[in-house]
Amino acid sequence: MAKAAKAKSSVKKYYNYIGGEWVPSSSKDWFDNTNPADTNDVIGRFPQSNADDIRAAVSAAKNAATAWRRTPAPRRAEILFKLGEILRANKDQYSREMTREMGKVLKETGGDVQEAIDCTYFTAGEGRRLHGFTTPAEMPNKFAMCVRQPVGLCGLITPFNFPMAIPSWKLIPALVCGNTVVLKSGEDVPLSALNLVKACEQAGIPKGVVNLVNGDGGEIGPALVGHPDVRLISFTGSTATGKIIAEQCARDNKIVSLEMGGKNAIIVMDDADIDNAVEGSLWGAFGTSGQRCTASSRLVVHKKVYKKFVTQLSDRASRLRVGNGLDRRTEVGPVINQQAMDKIHGYIDIGRRHDGAKLATGGEILNKGSHKNGYFISPTVFADVSPKMRIGQEEIFGPVTSVIPFSTLDEAIEIVNGVAYGLSSAIYTQNVNHAFYAMQELYTGICYVNSATIGAEVHLPFGGTKGTGNGHREAGTQVLDIFSEWKSLYIDYSGRLQKAQIDEFEI
Ligand code: UN1
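Residues numbered from 1 in each chain as written. Predicted model: local features only at pLDDT ≥ 70, side-chain atom pairs only at ≥ 80, totals over all residues. Heavy atoms only, no water.

A. Representation of a nonpolar patch on the surface in the model. Residues Val 432, Phe 436, Met 439 and Val 449 make up a contiguous nonpolar surface patch of roughly 370 Å² in combined accessible area. Sort the elements by how many residues they give to the nonpolar patch and helix 15 (residues 432–441) lands first, with three residues. (Patch = residues over 30% accessible without salt bridge, like charges linked within 9 Å, V, L, I, M, F, W, Y side chains within 5 Å. Areas by Shrake-Rupley, 256 points an atom, 1.4 Å probe, with all protein chains shown as cover. Salt bridge = Lys/Arg side-chain N within 4 Å of Asp/Glu carboxyl O. Helix = DSSP H or I, 4+ residues; strand = E, 2+ residues; numbered from the N terminus.)

Below you can see the structure in the form of structure tokens.
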């Protein structure tokens, strides 16, 4: 047996989770999960699923729906608290496996798992709230109130960049509200979603309530989105895919919640603490190798401090250690795959040749020595970018940021708002009037003062305006509005017919 084939046969196999059983795909096909920092490192082999697997998972979720819906919410939450404990106990293992399959550095994968833990504890707490409300009825001896009810069967489609946090943002509220789910996670990061689902099994979530189907989005995504028994699709990913999903859901009258692209910006005022602003910009632009919806991909800097800022930022960016995220000294990991690498490098070319921006640092594909077998791009700063250039408008989703000069705060705000997206924004300033004016005028779903555009916390709503989403918010208690529907209840205890809008009340 050839060495490569022998090595491959020893690779661990993982399975789909359908109706409480770990099963291969009916296709009998598999795909390899490889490490983007070293493509010779195969983490595992996962089922290359098809539409039949989706149908089986949906059917299992449908069968489990009534019992789970009827389980009192505080009891559902108890299981979720147990899930939180399991996630906490396995944080180190999950983080290492996530770094291996996704590339980001261990500190960040630790943060990713922590975000899933936070989300689980916070949202499980809703099991004892799920607040509705009472309100007076317009007739005597009549009671009115409003309660949440589950929407039904939810299809969850998640991306590669937050392999456990984003699935948890969708899964936990879906479950606490009493829905059953089919999860399809990013094909580059199947192990983290599987770890989460396995923890659900260990916590005692009943069979069929949570189902996991692995595989290629193009193949199984449409089967999930188009399945008549699926009532809701919650999607995080690219704008192009989100639009296709939204169209299909509109045709089928499904509930759909979308989290898509961003082109977030930090404003740096001339009164800002520049060292702090540079530090924040580095973290916002190059954390997760820029592969965050919230990444600081534009830095809008006051002309008075522009030169100093660009010099400091470029110097710091050029010294960031790029490498395998499993090495504790690494500051920036690889990007996710060859396709991402080509796209990002394509944008670097556009910045240079088409837009004519000034490449202040980076711009290289790193493929020598320890970088040989991975997808590495050096942290890239473009300077003298004008707001309408393509690199100033389009989402790059890689370690590339653009510095744009401005003269007045109003001009800066116009630049920040002048893109198709509206996820996150930030301003560095020591002036309270500037800070409050910016908070008022920046049209984004999230806004930071004196920190970068990344780092949202799970108990506040997450989502964006304009092209970023379709009006929903994940996280916080606001996510409950995605995964539950209101039911208004009227109880007439007058013992006679009372007609709303018609009967007159004699005082
Ligand atoms: C994303 O990039 O889609 O605020 C999620 C942040 C993280 C979540 C990012 N807590 O950057």
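We are not done yet, so read on.
B. View of the site of the ligand. Residues in close proximity to the ligand include Glu 115, Asn 161, Phe 162, Ile 166, Trp 169, Arg 292, Cys 293, Thr 294, Ile 454, Gly 455, Ala 456 and Phe 462, which together make up its full environment. Between Asn 161 and the ligand, the recorded distance is 3.3 Å, taken from a side-chain N or O atom to an oxygen atom. One of the backbone nitrogen or oxygen atoms of Cys 293 is found 2.7 Å away from an oxygen atom of the ligand. Here the ligand has 320 Å² of accessible area as a free molecule, and 99% of this is covered by the chains. Counted by class, the shell around the ligand contains seven nonpolar, three polar and two charged residues. (Near = heavy atom within 4 Å. Polar contact = N/O pair within 3.5 Å; in protein donor to acceptor, adjacent residues only side chain to side chain. Nonpolar A, V, L, I, M, F, W, Y, C, P; charged D, E, K, R; others polar.)

C. Layout of the packing of helix 4 (residues 91–102) against helix 5 (residues 106–124). Axis separation between helix 4 and helix 5 bottoms out at 8 Å; the angle between their running directions is 125°. Put simply, helix 4 runs oblique to helix 5. The chirality of how helix 4 crosses helix 5 is right-handed. Contacts from Lys 91, Tyr 94, Ser 95, Arg 96, Met 98 and Thr 99 of helix 4 reach helix 5 at Leu 106, Thr 109, Gly 110, Asp 112, Val 113, Gln 114 and Ile 117. Looking at the contact of helix 4 with helix 5 residue by residue, the classes come out as five nonpolar, five polar and three charged. (Axes fitted to C-alpha atoms, helices over the stretch in contact; angles between N-to-C directions. Parallel < 35°, antiparallel > 145°, perpendicular 65-115°, else oblique. Left-handed = near helix turned anticlockwise from the far one by under 90°. Contact = heavy atoms within 4.5 Å.)

D. Expanded view of the domain arrangement of the protein chain. On domain assignment, one finds that the protein chain holds domain 1 (16–260 + 469–487) and domain 2 (265–449). For domain 1 and domain 2, the distance between their C-alpha centroids amounts to 31 Å. For the domain 1 and domain 2 pair, buried surface summed over both sides reaches about 2,100 Å², with 59% attributable to carbon and sulfur atoms. For domain 1, the biggest contributors to the area lost against domain 2 are Pro 36, Ala 37 and Glu 108; these three give 23% of the whole. Remark: the boundary between domain 1 and domain 2 carries one salt bridge. Between Glu 108 and Arg 292 there is a salt bridge, and its shortest N-O distance comes to 3.9 Å. At the boundary of domain 1 with domain 2, the tally comes to six residue pairs in polar contact (both at pLDDT 80 or more). Listed by contribution, the elements that provide at least two residues to the side of domain 1 that touches domain 2 are strand 4 (38–47), helix 4 and helix 5. For the side of domain 1 that touches domain 2, the class distribution of residues is eight nonpolar, seven polar and nine charged. (Domains from an automatic or database assignment. Buried area = accessible area lost by both parts, 1.4 Å probe.)

E. Structural context of the nonpolar core. With 126 residues, the main nonpolar core has Ile 267 and Phe 309 as its most contacted residues. Residue-level mapping places this core at the junction of two domains, with at least three residues from each of domain 1 (16–260 + 469–487) and domain 2 (265–449). Residues contacting Ile 267, with those up to four places away along its chain left out, are Val 300, Phe 406, Leu 409, Ala 412, Ile 413, Val 416, Ala 426, Ile 427, Tyr 428 and Leu 442. (Core = buried A, V, L, I, M, F, W, Y, C linked by side-chain atoms within 4.5 Å. Buried < 20%, exposed > 50% of the residue type's maximum accessible area, 1.4 Å probe, protein only.)

F. Just the layout of surface pockets, in detail. Considering only enclosed or pocket space, the largest pocket measures out at about 1,100 Å³ in volume. Looking at the lining of the largest pocket, the elements that each hand over two or more residues are helix 8 (217–225), strand 10 (232–236), helix 9 (239–252) and helix 12 (338–354). In terms of residues, the lining of the largest pocket owes the most to one element, helix 9, which gives six residues. Looking at the lining of the largest pocket residue by residue, the class counts come to 17 nonpolar, 16 polar and five charged. Summarising the domain contributions, the lining of the largest pocket has at least three residues from each of domain 1 (16–260 + 469–487) and domain 2 (265–449). (1 Å grid on protein atoms, 1.4 Å probe; cavity = no way out; pocket = protein on both sides within 12 Å on 5 of 7 lines; lining within 4 Å. Points joined across faces, edges and corners; volume = space filled by probe spheres on them.)

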